Amino acid sequence: MNLDRLPAEVEPFGYDRDARGIGIVHFGIGAFHRAHQAWYTDRAMTADGGDWMICGVSLRSPDVAEQLNPQDGLYTLAERSAQGTVLRTIGAVREVLVASHDPAAVIDRIAAPGTHIISFTVTEKGYCRAGDGSLDLALAGPGSLYRFLREGLARRRDAGLPGVTLLSCDNLADNGPQLARLLDSYLSRHDPALGEWVASHCTFPMTMIDRIVPATTDGDREEIGAIMGVRDEGIIVTEPFSQWVIEDRFAGPRPVWEKVGAELVADVVPYETAKLRMLNGAHSLLAYCGLRRGHGFVHEAVGDPMLHDLASRLMLEEARPTIAAVRGQDLAAYAAALLDRFANPSLHHRLIQIAMDGSQKIPQRWLATVAARQGEGKTSPAIMAGLAAWMQHVRGANVAQWGPVDDPMAGRLTALWEGKTAPEMVQALFGENGLFAASWQADAAATPLLVHEMAQQA
Ligand code: CS2
C-alpha cells in the first residue's frame, strides 16, 4: 500500500514503524485480531511508543501472509455504522509467517529476546480439545500451536531468557487457565521439565474480547478501495464498538493498552461470562434459528420480531440470572446495547459465519446457562429453541440453501444422526453418556421441551 497516496480521511498511525521492534507473536492472524488487538496495539504505540510490533502467525493457511506481506503488513480498518465509515491505516503488523511452511521462523520468533507476549485467536477448535474439554492428543499434532510453543519456549529456557505472557483471546470460558491446563497436559507428555519452567516463568491472563468482525468480501475491497484510490487486499470491516478486559497478570512488559481503552482488572470472570452467555449465546441463537427462517444476516434476523423476542428472552430471562454481575455491570443495559449492535445494517454479518463450529461453541454459550438453571429447577425454553435449530442444522437442514455444515465434528454428528429419532438424538448428545454430557445432561423437564422444539422446526 502506498501511504503517500492515501486521501486525508484515512487516519494514519502515529509512530515510526522502522524504529519499532517485534514484541508480540500472535497465533491466528485472522480478521478478528486485526480489528481488535492489533488496533489496540497500534494506538498504544501511537500514544507511547514501545517495541510492540506484531509477528502474525497463521498455522496453515497462506492467505493472510499473501495479502499482507506484499503490503509490508499494512492494512486499512474500516469502522462501519449508520453514521458512515471511518478508515484508519494499521501499522502494527510487521510480518505474517505461515507455520506449516516455515516452522523454524515461528520458533525463532518465540525464542527471540524481544518477544514478551504470545497471544492467540485460533478460534475454539484451535485448542484441540476433546468433548470433555481435555487435550485431544490426536489433534494436538506437529501442526498445532502446542508444538510451536514447546519448541520456542524450550529455546527461551535453554538460553536463560525470561518467560512470556501467553494471552488467549478466544471465546472460551476461563480462556487463560484453559490454555495453561491444555499446554501443561501437552508438555507433561513431551517435556515435563519444560512444563515446570512454564508454570514458574510464564503467565496466562484471562481476557474478555469483543468486537464484531464480519468476513471481508470482494465488495468491501472494491467499495473501500474506491474511496482510498488504492486497492488494499487486507481490508478489515468492523463496528465502531470494541471492548477488551484483561486480567492484570503479565510475566513481563506489555503495551499501554489501558491508555487506549482496554480495561486491566483483577477479575475478568463476570465480563467473560456475560459476554459468552449473552452476546455469543444470542448470536448463535440468531444464527441457527435465523437460518431456519430464511435470513442471511444478523441484522435481518434481529429485525424479525419473533427472533428479537427469543434473543431478548435468552439474554434477560435465561442467561442474566446465572451471572454474578460486579458493581457497575448493568446486564439489562448490556442486553439492550447488544440488540442495537446486532441491528447495525451496514455490517453485513453473515449468520452462516456464526453457525460455523457450533460443537465447539455451544458448551460455553448455551449449555453452561442451561446447566446452571437446571441446578435451580428451571428450564431454558429460548436456549432449547436454539439447540433444536442447531440439531437440525448439523443434520443438514440448511445445506441446500446455505452450503455444507462447517464444524470439526460435522462427520461425527451426521453419523450420530443416522437412523435416529429426535428423542434418540437428544439422548446421544445430552444423555448420560452423550457427546456433551460433560457440559449438560437433559433431564425429564428439558427432554420433551427440546423434542417439541425440534418438531416445530423440522
Ligand atoms: C460470533 C463471534 O462468529 C461467532 O461465533 O459470535 O465471533 C462474535 O462476533 C464475537 O465474539 C464478538 O466479539
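Further up the page is the structure itself.
Owing to the predicted nature of the structure, the values given are computational and were not obtained by experimental measurement.

Trainee: What should I look at first to understand empty space enclosed by the protein in this one?
Mentor: Unfilled space is identified by rolling a water-sized probe across the atoms. Evaluated as defined, the whole model comprises two cavities of 30 Å³ or more. By volume, the largest cavity is sized at about 50 Å³. If you trace the largest cavity, you find it lined by Ile212, His283, Val298, His299, Arg341, Phe342, Asn344, Leu347, His348 and His349. Among the elements of the structure, helix H10 (298–302) and helix H12 (331–342) are those that each provide at least two residues to the lining of the largest cavity. Its residues assigned to classes, the lining of the largest cavity comprises four nonpolar, five polar and one charged. In this structure, the second largest cavity occupies an estimated 40 Å³ of space. Counting residues per element, the ones that place at least two in the lining of the second largest cavity are strand S9 (207–210) and helix H9 (269–292). The residue makeup of the lining of the second largest cavity includes at least three contributed by each of domain 1 (3–265) and domain 2 (269–457).

Trainee: Please explain the packing of H9 against H12 as it appears in this structure.
Mentor: Axes are the key here: two packed helices are described by the angle between their axes and the distance separating the axes. Between H9 and H12, the shortest axis-to-axis distance is 11 Å and the interhelical angle comes to 35°. By crossing handedness, the relation of H9 to H12 is classed as right-handed. In this structure, H9 contributes Ala274, Lys275, Met278, Leu279, Ala282, His283 and Leu286 to the contact, and H12 contributes Leu331, Tyr334, Ala335, Leu338, Arg341 and Phe342. Partitioning the contact of H9 with H12 into residue classes produces 10 nonpolar, one polar and two charged.

Trainee: Just to check I follow, could you spell out the sheet that holds strand S12 (residues 263–265) for this structure?
Mentor: The strands making up a sheet associate through backbone hydrogen bonding, with each pair oriented either parallel or antiparallel. What the three strands build is an open sheet, ordered S9-S11-S12; its pairing is mixed. Every interior strand has two partners, whereas the edge strands, S9 and S12, have only one. Strand-to-strand twist of the sheet, defined as the mean angle between neighbouring strand axes without regard to direction, takes the value 15°. Pairing analysis gives four bridges linking S9 to strand S11 (residues 243–247), with the strands arranged antiparallel. Across the sheet, residue Thr207 finds its bridge partner in S11, namely Ile246.

Criteria and thresholds
- Residues numbered from 1 in each chain as written.
- Predicted model: local features only at pLDDT ≥ 70, side-chain atom pairs only at ≥ 80, totals over all residues.
- Heavy atoms only, no water.
- 1 Å grid on protein atoms, 1.4 Å probe; cavity = no way out; pocket = protein on both sides within 12 Å on 5 of 7 lines; lining within 4 Å.
- Points joined across faces, edges and corners; volume = space filled by probe spheres on them.
- Helix = DSSP H or I, 4+ residues; strand = E, 2+ residues; numbered from the N terminus.
- Nonpolar A, V, L, I, M, F, W, Y, C, P; charged D, E, K, R; others polar.
- Domains from an automatic or database assignment.
- Axes fitted to C-alpha atoms, helices over the stretch in contact; angles between N-to-C directions.
- Left-handed = near helix turned anticlockwise from the far one by under 90°.
- Contact = heavy atoms within 4.5 Å.
- Pairing = 2+ DSSP bridges.

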